[in-house]
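A look at the structure
The lines below spell out each chain.
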Amino acid sequence: VKANVSSVLKATSVKCDLHRLEEGPPEKAELTRDQGLQYYRTMQTIRRMELKADQLYKQKIIRGFCHLYDGQEACAAGIEAGINPTDHLITAYRAHGYTYTRGVSVKEILAELTGRKGGVAKGKGGSMHMYAPCFYGGNGIVGAQVPLGAGIALACQYQGNNQLCVSLYGDGAANQGQLFEAYNMAALWKLPCIFICENNKYGMGTSVERAAASTDYYKRGDYIPGLRVDGMDVLCVREATKFAADHCRSGKGPIVMELQTYRYHGHSMSDPGVSYRTREEIQEVRSKSDPISMLKERMLSHNMASVEEFKEMDVEIRKEVEEAAQFATSDPEPPLDDLCNHIFYNNPPLEVRGTHPWAKLKSLS
């Protein structure tokens, strides 16, 4: 049955765990057909893009560090649905999904991964350093993006533009001292910052239980209110983010959010991901709470879309990712002349570590 375009699903979202909050997000979330299809397209595109990156890495076309986001797509899609494009976002090194939701094409992301000049950072940033308007990148130093995010929130407050910053980190970074320093400052100054812990259960190869005396990450802000939601359900993430954004914009200061999610790949491409957890565990998450399958099933069971529509979309997405991969493998690498560009914003000093920006650099290899 082809659904009526105005179909609206009143879905019951999972209850939040709250910390220092009288009330949380609404327990019922509405989903229109258009929203559902949009979230599906976003999540499925990220999934296909990451699987393609996996393939290119195994072919040795992508080198270096590469942390994949598949399994966690509902976090990125849900957060974006709960804030405005003019709001700011900064994340750790598992950044490809957010680079996409912040408006960068699959083509530019894959080309950045392969180090080509058509990449989003002109091939000089690689997997962990991609940027876009209002997106301050993936950051390679564990936890370092959190105080930077507080700084961006301070800028929003200073400029009085009613914007906020979403500052993301993982469960592995949650024990970093700099997080608590940022929490403290944000609480004192009532900064419009949403601190979000994407808890995917493992920091590198260490489970949360072995790394943290308290795994209630949403309570870790102490005097900062917090909430914990199902990070595999795009609607839960969206409603919680909207609630957190309203909290920040109303001048109440920061809020901590914990999204309980899961990564299907290892920590990075050099981690097979099955030495510290079983294949069965990964399989069980895939079969029971995959964010893409759950949304698709929810829409199909309420006649909001047809199986054919999803198939058509999947074909389009595969085609887009294939074309992007073609570009990422054929686009040239940045020329050597570019090496000293973009080091200084303006008026570069004459000497840059023994050379100067317009000197002709000669390759020794």
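Coordinates for the structure precede this section.
Residues numbered from 1 in each chain as written. Predicted model: local features only at pLDDT ≥ 70, side-chain atom pairs only at ≥ 80, totals over all residues. Heavy atoms only, no water.

**Structural notes on the side chain of Gln145**
Keep this limit in mind: Going along the chain from the N terminus, every DSSP run of H or I of four or more residues is numbered as a helix, and every run of E of two or more is numbered as a strand. Burial classes: relative accessible area under 20% of the type maximum marks a residue as buried, over 50% as exposed, and values in between as partly exposed (1.4 Å probe, protein chains only). By definition in these notes, contact holds between two residues if any of their heavy atoms fall within 4.5 Å.
Considering the arrangement of structural elements, one finds Gln145 in helix 5 (residues 145–159). Relative accessible area serves as the criterion here: at 0%, Gln145 is assigned to the buried category. Not counting residues within four places of it along the chain, the set of residues in contact with Gln145 comprises Ile90, Thr91, Ala92, Asn139, Ser167, Leu168 and Tyr169.

**Brief notes about helix 10 (residues 291–301)**
Rule in force here: Arc definition: directions from the helix axis to the C-beta atoms. What qualifies as a polar contact is a pair of N or O atoms within 3.5 Å, subject to a donor-acceptor requirement within protein and to the restriction that residues adjacent in sequence count only when both atoms come from side chains.
Within the sequence span of helix 10, burial applies to Pro291, Ile292, Leu295 and Met299. End-on, the buried residues of helix 10 take up no more than an arc of 100 degrees, which puts them together on one face. For helix 10, the elements touching its buried residues are strand 3 (28–32), helix 1 (33–58), helix 2 (73–82), helix 8 (234–249), helix 9 (279–289) and helix 11 (307–330). Where helix 10 begins, the side chain of Asp290 points an oxygen toward the backbone nitrogen of Ile292, at a separation of 3.1 Å.

**Let's talk about the pairing of strand 9 (residues 226–230)**
Quick reminder of the rule: Note on pairing: DSSP must find at least two bridges between two strands before they are called paired. When the strands point away from the viewer and the path from the first strand over the helix to the second turns clockwise, the crossover is right-handed.
For strand 9, the buried fraction is high: four of the five residues fall into the buried class. In terms of strand pairing, strand 2 (residues 17–19) meets strand 9 through three bridges, oriented antiparallel. Note that in strand 9 the partner of His19 across the bridge is Gly226. Across five bridges, strand 9 lies against strand 10 (residues 255–260) in parallel orientation. In the sheet register, Arg228 faces strand 10, and the bridge partner there is Glu258. Chirality of the crossover, the property in question, places the unit of strand 9, helix 8 and strand 10 among those that are right-handed.

**A short note on the sheet that holds strand 6 (residues 193–199)**
Pairing between the strands of a sheet is mediated by backbone hydrogen bonds and can be parallel or antiparallel. The test is simple: Only the stretch in contact is used when fitting a helix axis, every axis being a line fitted to C-alpha atoms; angles between N-to-C directions are given from 0 to 180 degrees.
Strand order in the open sheet formed by six strands is 2-9-10-6-5-4, with mixed pairing between adjacent strands. The sheet terminates laterally at strand 2 and strand 4 (88–90), the two strands that pair on one side only. Averaged over all pairs of adjacent strands, the angle between strand axes in this sheet comes to 20 degrees, irrespective of strand direction. Across six bridges, strand 5 (residues 165–170) lies against strand 6 in parallel orientation. Directly across from Val166, in strand 6, lies its bridge partner Ile194. In this fold helix 6 (residues 177–189) packs onto strand 5, strand 6 and strand 10, with an angle of close to 150 degrees to the strand it touches most, strand 6.

**Side note on the pattern of salt bridges**
Note the threshold: The rule for a salt bridge is simple: a side-chain nitrogen of Lys or Arg has to be within 4 Å of a carboxyl oxygen of Asp or Glu.
The final tally for this structure, using the stated rule, is 16 salt bridges. Taking the shortest distance from any N to any O, the salt bridge between Arg47 and Asp290 comes out at 2.9 Å. Taken together, the positions of Arg47 in helix 1 and Asp290 in the loop between helix 9 and helix 10 put the pair 243 residues apart, joining distant regions of the chain. We note that Arg47, like Asp290, is buried. The closest approach of N and O atoms between Glu258 and Arg228, which form a salt bridge, is 4.0 Å. Linking Glu258 in strand 10 with Arg228 in strand 9, this pair joins segments that are 30 residues apart in sequence. Residue Glu258 shares its accessibility class with Arg228, and that shared class is buried.

Shape is all these values report; function is a separate question.
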